[in-house]
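Examination of the molecular architecture
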Amino acid sequence: MTYNHITYVFFLFMLYFISCNRNKEAVLQALAATVNRDPTASNYVLQDDSYLIPNSYAQFKLFTLSKESGRNTAKYFINTYPKYFQKDFAEPHIPCLMPETLELEIEEVSEAALIERIQLRKVKAAVDMYDQLQQSGTPLSVDLTNDLLDLICLYGDQDPAPEQGSDYMENVQPSACDLRLKQIWVLENNNAERIFHIMPERTRRSYGALIRGMVKYGAYSKAFDMYTDMLNNRLTADVHIFNALITAAPEVREQIQEKWELVLNLLKQMAKQDVKPNLLTFHAVLRCLRRSRHLAKVFSVFNEMKALGIAPSLATYNLILGIVYKQGPFAKGHTEILEKVLDEISGKSFTPQDPDDGMISADTYFSLLLETHRPFVYLIQSSCCSWRFFSLLCMMENIDVVLKWYKELIPSLYYPTAQGMRDFLQALDTDNRLDLIPQIWKDIKQMGYGNMSDMVEEILSLMAREKQSPESISNTILMIFLIQLFFFSFREMLNLFKPNNRVPPESLMNDFLASIKASNKAQQAVELVQISASFCLPVTPSLIERVQQEFELTEEQRNVLTALESSADMSD
């Protein structure tokens, strides 16, 4: 075997070993590690169709939203009409690519039919089947009834919308959709409460389903009433029940101190009932502190969490920083807090443990970075964070560092907004690197910002700061831009000088003529001379001579220049 064959066999063996001993993505991660990222290429998510690769932030946002919308639409049709998508092309069979079985198969009234409806998350059908089983006198196990209660409380006594999927009960923070169902939950004797009250045996799980459902859908006072009833029946709560009640605590008290006292009381009851808190318990407490503005108590809560051996997640740090910065940006004396958070996060990987782990505030981290002057590479993963990160670089770093990140981020990870490009132009101006503006203009035009008047004005004001040599301009995109901008309507542009009592300087007219010469537009050169003559500029004879010598003119154009030359001689 040759050396290449041995290498190939060894590589296959390593892939097999990784796939057997690592997670599902290990092989893909190993393959990805063998190549470097191309900073000049678009993100891999956008490379399905080269024609549709976006050039601007607006196009990027439209593309990604459209792509996700298309996925959701396809999933909806596949799962709604599975009989039309039964042919399996994949070899071997890939279950996740096939339609979910959402149609009911068991029609008779039976316990199996109820189980099927619960598994398929058919809330109304499950409740109807339960009622039919009750009427027929069929005994049901407590566990099965609790499964039904979990389903009803999870989806608010309504069939889930197709996009809800398999949301889990621990997320007791109500969404906009949840709030629409709040009025359904607060109705007396709804299906959840009705089934609960006719249960022959009510367990802690039964109470927990109702309490967590009530908190999820805004029936906070009823949740505490249910907890009191549970205690009266000599049952103890579990950590999930306490987490829901702590979340609801700020909603049932008006005064800030009363809110905190209720949270403390619940924590004491946890200790009395020998219930160990988890990460979500401390997150519920921190959310209460964020609303109650108890800044001093945040650190004792965080220290207590670490003392119990509970590792923080990204949501933990986001909550802490949110509380700190709610007191005002860059609260004096709290720089060390930000430094500690940076040290805690740096070099660590996090697995999602809280629904809010994926909802980190870009403003929070931007404030953190601005205070500590320590940029983080991982913040560039989302567009919002990328914009903040890049703007921060433009404000605080020298132009060499800004250019390094500009080349590294764009367009593979970040499509700058118009404001981001303005920040970049200001950074170029600060470090006196106006020689780069022609190159940056090409990017600005490609991103779709070339027609924005304020962007054009910014470019022109920077270029007007100092004289540009024709050699450094004529071969650039900026030169083409200036020609297009001024000489498609340069009569109107130059005529703006008169109402403002301004006279075009000689250098400007010479620059215009040099630009026209670069594009070899004889008619534009003649028109420039006419404008110069209308202003009675001393440079007019010189312009006439240059146009006659440097351009190939028609007989009509020569006659126009001769007439202008005669007029100039008479005025002298």
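Residues numbered from 1 in each chain as written. Predicted model: local features only at pLDDT ≥ 70, side-chain atom pairs only at ≥ 80, totals over all residues. Heavy atoms only, no water.

**What about the overall build of the protein chain?**
Along its length, the protein chain carries 30 helices and zero strands. Across the 572 residues that make up the protein chain, the buried fraction comes to 41%. Within the protein chain, counting contacts between residues at least 6 apart in sequence, those at least 24 apart form 64% of the total. Accessible surface for the protein chain amounts to roughly 32600 Å². Of this, 54% is attributable to carbon and sulfur atoms. (Helix = DSSP H or I, 4+ residues; strand = E, 2+ residues; numbered from the N terminus. Buried < 20%, exposed > 50% of the residue type's maximum accessible area, 1.4 Å probe, protein only. Contact = heavy atoms within 4.5 Å. Areas by Shrake-Rupley, 256 points an atom, 1.4 Å probe, with all protein chains shown as cover.)

**Quick notes on unusual backbone geometry**
The backbone of Arg121 sits at a positive phi, close to 60 degrees, despite the residue not being glycine. Residue class for Arg121 comes out partly exposed when judged on its relative accessible area of 27%.

**Observations regarding the nonpolar core**
Counting residues in each nonpolar core, the largest one holds 71 residues, and the members touching the most others are Leu114, Leu210, Tyr227, Leu245, Leu286 and Leu289. Residue contacts for Leu114: discarding those within four places in its chain leaves Ala126, Met129, Tyr130, Leu133, Leu140 and Leu144. If you look at the next biggest cluster of nonpolar residues, it comprises 31 residues, including Ile399, Leu436, Ile437 and Met463. (Core = buried A, V, L, I, M, F, W, Y, C linked by side-chain atoms within 4.5 Å.)

**Thoughts on the UniProt feature "repeat: PPR" (unreviewed entry) in the protein chain**
This chain's UniProt record puts "repeat: PPR" (unreviewed entry) on residues 203-237 and 278-312. Along residues 203-237, the helical share is 74% and the strand share 0%, with 10 Å between the first and last C-alpha atoms. (UniProt positions renumbered as here; feature names shortened; annotations may be inferred.)

**Structural notes on a nonpolar patch on the surface**
A surface patch of nonpolar side chains, about 530 Å² in accessible area, is lined by Tyr76, Phe77, Tyr81, Tyr84 and Phe85. Relative to the elements of secondary structure, Tyr81 occurs in the loop between helix 3 (57-80) and helix 4 (111-119). Here Tyr81 falls in the partly exposed class, since its relative accessible area comes to 39%. (Patch = residues over 30% accessible without salt bridge, like charges linked within 9 Å, V, L, I, M, F, W, Y side chains within 5 Å. Salt bridge = Lys/Arg side-chain N within 4 Å of Asp/Glu carboxyl O.)

**Looking at helix 5 (residues 123-135)**
Look at helix 5: 19 Å from first C-alpha to last across 13 residues, which is about the 18 Å you get at 1.5 Å a residue. Among the residues of helix 5, those classed as buried are Val123, Ala126, Val127, Met129, Tyr130 and Leu133. Axial view of helix 5: buried residues confined to an arc of 165 degrees, hence all on one face. Structurally, helix 5 contributes buried residues whose contacts are with helix 4, helix 6 (142-154) and helix 9 (191-198). Immediately downstream of helix 5, the backbone of Gly137 shows phi near 75 degrees, a positive value. (Expected span 1.5 Å × (residues − 1). Arc of directions from axis to C-beta.)

**A few points about the pattern of salt bridges**
Summed over all chains, the structure comprises 10 salt bridges. For the salt bridge of Glu116 with Arg117, the shortest nitrogen-to-oxygen distance reads 3.4 Å. For the pair shown, Glu116 and Arg117 are each scored as buried.

**A word on the environment of Ile118**
With respect to the secondary-structure elements, Ile118 resides in helix 4. For Ile118, a relative accessible area of 13% puts it in the buried group. In sequence terms Ile118 and Leu151 are 33 residues apart; their C-alpha atoms lie 6.9 Å from each other.

**Section: the packing of helix 22 (residues 437-446) against helix 23 (residues 453-463)**
Packing of helix 22 against helix 23 brings their axes to within 12 Å, and their N-to-C directions diverge by 175 degrees. Classified by the angle between their axes, helix 22 and helix 23 sit roughly antiparallel to one another. Of helix 23, the residues touching helix 22 (which contributes Ile437, Trp441 and Ile444) are Met455, Val456, Ile459, Leu462 and Met463. Here the contact of helix 22 with helix 23 is composed, by residue class, of eight nonpolar, no polar and no charged. (Axes fitted to C-alpha atoms, helices over the stretch in contact; angles between N-to-C directions. Parallel < 35°, antiparallel > 145°, perpendicular 65-115°, else oblique. Nonpolar A, V, L, I, M, F, W, Y, C, P; charged D, E, K, R; others polar.)

**With respect to the side chain of Arg117**
With respect to the helices and strands, Arg117 occurs in helix 4. Apart from the residues within four sequence positions on either side, Arg117 is in contact with Leu104, Ile106, Lys122, Ala125, Ala126, Met129 and Leu151.

**Overview of the packing of aromatic side chains**
Counting across every chain of the model gives seven aromatic pairs. Taking 4.4 Å as the distance between ring centres and 20 degrees as the angle between the ring planes, the aromatic pair formed by Tyr406 and Phe424 counts as stacked. One end of the pair, Tyr406, is in helix 20 (residues 399-409); the other, Phe424, is in helix 21 (residues 418-430), with 18 residues separating them in the sequence. Judged on exposure class, the residue Tyr406 and its partner Phe424 are both buried. Members of the aromatic cluster, joined through ring pairs, are Tyr76, Phe77, Tyr81 and Tyr84. One Lys or Arg, Lys404, reaches over the ring of Trp405 and ends 4.7 Å from the middle of that ring. (Phe/Tyr/Trp six-rings, centres within 6.5 Å; stacked < 30°, edge-to-face > 60°. Lys NZ or Arg CZ within 6 Å of the ring centre and 35° of its normal.)

**Regarding helix 11 (residues 220-232)**
Here helix 11 is 13 residues long and its end C-alpha atoms lie 19 Å apart, about the 18 Å a rise of 1.5 Å per residue gives. For helix 11, every residue scored as buried is listed here: Tyr220, Lys222, Ala223, Phe224, Met226, Tyr227 and Met230. Positive backbone phi, at 60 degrees, marks Arg234, one or two positions downstream of helix 11.

**Description of the side chain of Lys222**
Within the secondary structure, Lys222 is located in helix 11. By relative accessible area, which is 19% here, Lys222 ends up buried. Polar side-chain contacts of Lys222 include one of 2.6 Å to the side chain of Glu193. (Polar contact = N/O pair within 3.5 Å; in protein donor to acceptor, adjacent residues only side chain to side chain.)

**Looking at the confidence of the model for the protein chain**
With 72% of its residues at a pLDDT of 70 or more, the protein chain shows a mean pLDDT of 77. Model confidence for the protein chain, summarised as mean pLDDT per element, is weakest for helix 18 (residues 362-372) at 45 and strongest for helix 12 (residues 239-248) at 95. This model gives residues 165-170 a pLDDT under 50, and the stretch forms 19 contacts once residues within four places in sequence are excluded. Below pLDDT 50 for its whole length, residues 328-333 participates in five contacts with residues either more than four positions away or in separate chains. (pLDDT = per-residue confidence, 0-100.)

**Considerations on the packing of helix 10 (residues 204-216) against helix 11**
Where helix 10 contacts helix 11, the axes come no closer than 8 Å and their chain directions differ by 165 degrees. Of the possible angle classes, the one that applies to helix 10 and helix 11 is roughly antiparallel. Regarding helix 10 and helix 11, the two cross each other, and that crossing is left-handed. Counted together, Tyr207, Leu210, Ile211, Met214 and Val215 of helix 10 and Tyr220, Lys222, Ala223, Met226, Tyr227, Asp229 and Met230 of helix 11 form the full contact between these two elements. Split by residue class, the contact of helix 10 with helix 11 holds 10 nonpolar, no polar and two charged. (Left-handed = near helix turned anticlockwise from the far one by under 90°.)

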